[in-house]
Amino acid sequence: MTMSIQWKTRQLQSKLHEADIVVLGSPKPEEIPLTWIQPGTTVLNCSHDFLSGKVGCGSPRIHFGGLIEEDDVILLAAALRIQNMVSSGRRWLREQQHRRWRLHCLKLQPLSPVPSDIEISRGQTPKAVDVLAKEIGLLADEIEIYGKSKAKVRLSVLERLKDQADGKYVLVAGITPTPLGEGKSTVTIGLVQALTAHLNVNSFACLRQPSQGPTFGVKGGAAGGGYAQVIPMEEFNLHLTGDIHAITAANNLLAAAIDTRILHENTQTDKALYNRLVPLVNGVREFSEIQLARLKKLGINKTDPSTLTEEEVSKFARLDIDPSTITWQRVLDTNDRFLRKITIGQGNTEKGHYRQAQFDIAVASEIMAVLALTDSLADMKARLGRMVVASDKSGQPVTADDLGVTGALTVLMKDAIKPNLMQTLEGTPVFVHAGPFANIAHGNSSVLADKIALKLVGEEGFVVTEAGFGADIGMEKFFNIKCRASGLVPNVVVLVATVRALKMHGGGPSVTAGVPLKKEYTEENIQLVADGCCNLQKQIQITQLFGVPVVVALNVFKTDTRAEIDLVCELAKRAGAFDAVPCYHWSVGGKGSVDLARAVREAASKRSRFQFLYDVQVPIVDKIRTIAQAVYGAKDIELSPEAQAKIDRYTQQGFGNLPICMAKTHLSLSHQPDKKGVPRDFILPISDVRASIGAGFIYPLVGTMSTMPGLPTRPCFYDIDLDTETEQVKGLF
């Protein structure tokens, strides 16, 4: 045992009596008698004279009378201390570097027939989230625990692991889906369960947070399904840690600020408006920090509010927003078709300042896209400030910074920026963070979740993330928008297909959510499958445009036959897939996707020749045309007069060099949902063009695209209930 004490310590005498070796780190005070040190004790004089800079080790022998003072031993002790410090440093470095996790995986006991998703989820007891965090290398002060099974991860972990090599980066995309979805989330979860629980490879799944709209509408939850789920699934699908609520609050605060500013500018003189914007408080008038930034933007280099001229006062106080150019809408995380077109400002207190407006679904908010694409708190604040909400009457953009609301938005979003840690049914880690739709936004989880996960898995590990809907939508945006923002380069694309979706593309009858599948989908039909593989082949070709190897994952259903499965895998390989593998994770968990995991590992060992589809510097119209022709297979595009006017305006405002985020139906490669397979020779209509300047993209609307879903005749909420005695949720799927 070693003990370090000061000369002033009260029990010094008794401690010195017990010592076999005493090391003097500083000169002995005269009041401390040598008799306190037992005869025969070895004394190492390593005291340092701070004034002379000399070390006591080299001083002449001091006579301690009966005590042994060895100069050679002193030098040896110093050397050993240095050696111990080096060894300790090496141990610390090894602990910071990649190592295979000592992860306690949870055992599955699959049942047949497979129970409901919520029954499976409830049948597994998740690990405490702090235990999971420790297993994957997170420190105690890097997590903020929400309940027993969720935690937020602080961004400080990125600084600690900044020198750690990234793992392999895998994207899960899909063919053009049916309205039922084809199981990309399920494949993502099954793949990481296979990698970590069965192949002992560090892996992380990064998923989007689901919107409450579809959960209570028609699609249900998005936690995966069967024995490949994120648990607890009810917490995953409902509220989580409140990120979407924070986005809703921030979005609607900005919307309120816009209309309020228009009202006050229309009802006050320049002087009255200025006096209220920069009030006298305790005899002092001063600009806030964000007001000083606005002055600088206007070219007014003054900091004293009393020194502005009348012209400068007017210039500062009036935004002169043109109401007809407002693009910022209020949002709600509920499917509500009656909010698609509304009139606001009809109360008497609004003095006749009413206008037409609308609500969007919360996940369509630009703030959601900002959250998904930001890489730090400072970057998020800057992006929020750059968000353009309208134009002024001279055609110049009006931003959140101009409205003075950026700081408040950042405060509302300060916790939402931290990724949410959860786990799969087999106890492997999952980040759930951000959830933009892929048909009306860019459809990918957050850059921050991916970056943190890539550090945590280490150089030999895998991060598997998912892009919404088909490869023509979610994957294209992942490459051209998300990868540009993050600087990350993907190693492999996993393309999810199902026999039922291929039959639909081959000419099968329409598929409607909530309606039983027709016999063409439940009985073997080789011809329909063969005809429908054209869509799979097209999606493989789209992937190859970006130079990334693609592995096809055939998500197997119980009605699929061996002949149908073999045919799909064969045609996929002929179309250029690195491999094509049937997957059974839904019925048995990660064990059913081990072959997929091995194929992904092998594909990831090949060199990625990743490239973007277009140069952002080319004109907006050319970028839209490139996507339409190269990805969708359109003959050309057709711009409405409104779309052309918006493109001209954004180009004039300096936004022409942003990437493109197409808002298009996910049910077809074309703009017409009923056109299945691979439509050809169609003209893609661009009805409108909008800009998400904070997020950093231009988004054209293809045909008629609704940004607020509606509820069907029989929504999912009919089946959702709460057991008031056990407090368990029922009916989620």
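Look up: the structure comes first, before these words.
Predicted model, so just to flag it, every value in this text is computed and none were measured.

Conventions we followed
- Residues numbered from 1 in each chain as written.
- Predicted model: local features only at pLDDT ≥ 70, side-chain atom pairs only at ≥ 80, totals over all residues.
- Heavy atoms only, no water.
- Helix = DSSP H or I, 4+ residues; strand = E, 2+ residues; numbered from the N terminus.
- Buried < 20%, exposed > 50% of the residue type's maximum accessible area, 1.4 Å probe, protein only.
- Contact = heavy atoms within 4.5 Å.
- Areas by Shrake-Rupley, 256 points an atom, 1.4 Å probe, with all protein chains shown as cover.
- Phe/Tyr/Trp six-rings, centres within 6.5 Å; stacked < 30°, edge-to-face > 60°.
- Lys NZ or Arg CZ within 6 Å of the ring centre and 35° of its normal.
- Axes fitted to C-alpha atoms, helices over the stretch in contact; angles between N-to-C directions.
- Parallel < 35°, antiparallel > 145°, perpendicular 65-115°, else oblique.
- Left-handed = near helix turned anticlockwise from the far one by under 90°.
- Nonpolar A, V, L, I, M, F, W, Y, C, P; charged D, E, K, R; others polar.
- Pairing = 2+ DSSP bridges.
- Core = buried A, V, L, I, M, F, W, Y, C linked by side-chain atoms within 4.5 Å.
- Domains from an automatic or database assignment.
- Polar contact = N/O pair within 3.5 Å; in protein donor to acceptor, adjacent residues only side chain to side chain.
- Salt bridge = Lys/Arg side-chain N within 4 Å of Asp/Glu carboxyl O.
- Arc of directions from axis to C-beta.

1. Considering the overall build of the chain
Okay, step 1: The number of helices and strands found in the chain is 26 helices and 29 strands.
Okay, step 2: Looking at the 733 residues of the chain, the share that counts as buried comes to 53%.
Okay, step 3: A sequence separation of at least 24 residues applies to 73% of the contacts in the chain between residues at least 6 apart.
Okay, step 4: For the chain, the exposed surface amounts to about 33,000 Å²; the carbon and sulfur share of it is 52%.

2. Considering the packing of aromatic side chains
One pair of aromatic rings is described through two measures. These are the centre distance and the angle between the planes.
Okay, step 1: In total, this model carries 11 aromatic pairs according to the counting rule given.
Okay, step 2: Relative to Tyr699, the ring of Phe697 has its centre 6.4 Å away and its plane inclined at 75 degrees; by these criteria the two rings are edge-to-face. Tyr699 shares its class with Phe697; the two are buried.
Okay, step 3: Three or more aromatic residues joined by ring pairs form one cluster here, namely Tyr169, Phe478, Phe479, Phe546, Phe610 and Phe612.
Okay, step 4: Over the ring of Phe612 we find Arg484, and its NZ or CZ is 4.1 Å from the ring centre.
Okay, step 5: Here the basic side chain of Lys664 rests over the ring of Tyr632, its NZ or CZ set 4.7 Å away from the ring centre.

3. Considerations on the packing of helix α14 (residues 377–386) against helix α16 (residues 406–413)
Okay, step 1: Put simply, α14 and α16 touch, their axes get as near as 9 Å, and they point 130 degrees apart. Classified by the angle between their axes, α14 and α16 sit oblique to one another. Where α14 crosses over α16, the handedness of that crossing is right-handed. Two secondary-structure elements touch here, α14 through Met380, Lys381, Leu384 and Gly385 and α16 through Thr406, Leu409, Thr410 and Met413.
Okay, step 2: When its residues are assigned to classes, the contact of α14 with α16 shows four nonpolar, three polar and one charged.

4. A few points about the sheet that holds strand β25 (residues 636–639)
Think of a sheet as strands paired side by side through backbone hydrogen bonds, with each pair either parallel or antiparallel.
Okay, step 1: Within the open sheet, the three strands sit side by side as β25-β26-β27. Their pairing is mixed. Sheet topology places β25 and β27 (697–702) at the edges, where each strand pairs with a single neighbour. Adjacent strand axes in the sheet meet at a mean angle of 50 degrees when their direction is disregarded.
Okay, step 2: Here strand β26 (residues 683–692) runs beside β27; their pairing, made up of six bridges, is antiparallel. Bridging across to β27, Ile686 finds its partner in Val702.
Okay, step 3: The strands touched by helix α25 (residues 620–632) are β25, β26 and β27; relative to β25, the strand with the most contacts, the crossing angle is about 135 degrees.
Okay, step 4: Of the strands in this sheet, β25, β26 and β27 are in contact with helix α26 (residues 641–652), which crosses β26 at around 40 degrees.

5. A closer look at the packing of helix α6 (residues 184–198) against helix α24 (residues 594–604)
Okay, step 1: It is at 8 Å that the axes of α6 and α24 come closest, and there the two elements cross at 85 degrees. In this view, α6 runs roughly perpendicular relative to α24, as classed from their interaxial angle. Facing Val187, Leu191, Ala194, Leu195 and His198 of α6, the residues of α24 in contact are Val594, Leu596, Ala597, Val600 and Arg601.
Okay, step 2: Along the lines of polarity and charge, the residues of the contact of α6 with α24 split into eight nonpolar, one polar and one charged.

6. As for the nonpolar core
Okay, step 1: Ranked by size, the top nonpolar core spans 90 residues in total, and within it Phe204, Leu421, Phe431, Leu456, Phe479, Leu536 and Leu684 carry the most contacts.
Okay, step 2: Sorting elements by how many residues they give to this core places α25 first, with seven residues.
Okay, step 3: Three or more residues apiece are contributed to this core by two domains, here domain 2 (117–241 + 415–605) and domain 4 (620–701).
Okay, step 4: The next biggest cluster of nonpolar side chains, apart from the first, holds 50 residues, and it includes Ala390, Leu409, Ala695 and Leu701.

7. As for the environment of Ser486
Okay, step 1: In this structure, Ser486 sits in helix α18 (residues 471–486).
Okay, step 2: Sequence separation between Ser486 and Asp320 is 166 residues, and the spatial gap between their C-alpha atoms is 36 Å.
Okay, step 3: In this structure Ser486 touches Val447 and Lys451, once residues within four positions along its chain are discounted.
Okay, step 4: Here the side chain of Ser486 touches Leu488 through a polar contact of 3.0 Å, landing on its backbone nitrogen.

8. Observations concerning helix α13 (residues 366–373)
Okay, step 1: Burial runs high along α13: eight of the eight residues are buried.
Okay, step 2: Every buried residue of α13 is listed here: Glu366, Ile367, Met368, Ala369, Val370, Leu371, Ala372 and Leu373.
Okay, step 3: Capping the start of α13 is the job of one residue whose side-chain oxygen sits 3.1 Å from the backbone nitrogen of Ile367: Ser365.

9. Some remarks on the pattern of salt bridges
Okay, step 1: Taken as a whole, this structure holds 33 salt bridges when the rule is applied.
Okay, step 2: The salt bridge partner of Arg122 is Glu234, with a shortest N-O separation of 3.3 Å. Of this pair, Arg122 sits in helix α3 (residues 117–123) while Glu234 sits in helix α8 (residues 233–237), placing them 112 residues apart in sequence.
Okay, step 3: Exposure remark for Arg122: the relative accessible area of 28% places this residue in the partly exposed category.

10. Comments concerning the side chain of Gln209
Okay, step 1: Here Gln209 is to be found in the loop between β8 (203–207) and α7 (212–216).
Okay, step 2: Given a relative accessible area of 5%, Gln209 falls into the buried group.
Okay, step 3: Apart from residues no more than four positions distant in its own chain, Gln209 is found in contact with His239, Leu240, Asp243, Ile244, Val432, His433, Ala434 and Gly435.

11. What to know about helix α12 (residues 310–317)
Note: α-helices contain 3.6 residues per turn, so residues at a spacing of three or four share the same orientation.
Okay, step 1: All buried positions along α12 are accounted for by Glu312, Val313, Phe316 and Ala317. The buried residues of α12 all sit within an arc of 120 degrees when viewed along its axis, so they share a single face. Within α12, the exposed residues directed more than 90 degrees away from the buried face are Glu310 and Glu311.
Okay, step 2: The elements touched by buried residues of α12 are α9 (243–267), α10 (270–277) and α11 (289–297).

12. Notes on the environment of Ser324
Okay, step 1: Considering the arrangement of structural elements, one finds Ser324 in the loop between α12 and β13 (330–332).
Okay, step 2: Remark: the alpha-carbon pair of Ser324 and Ala513, spanning 189 residues in sequence, is separated by 38 Å.
Okay, step 3: A polar contact is formed between the side chain of Ser324 and the side chain of Asp322, at a distance of 2.8 Å.

13. Re the environment of Ala223
Okay, step 1: With respect to the secondary-structure elements, Ala223 resides in the loop between α7 and β9 (224–225).
Okay, step 2: Judged by relative accessible area, Ala223 falls into the buried class, the value being 2%.
Okay, step 3: As a C-alpha pair, Ala223 and Leu195 span 28 residues in sequence and 18 Å in three-dimensional space.
Okay, step 4: Each residue touching Ala223, except ones within four places of it in the same chain, is listed here: Ile189, Ala228, Gln229, Val230, Met233, Phe236 and Asn237.

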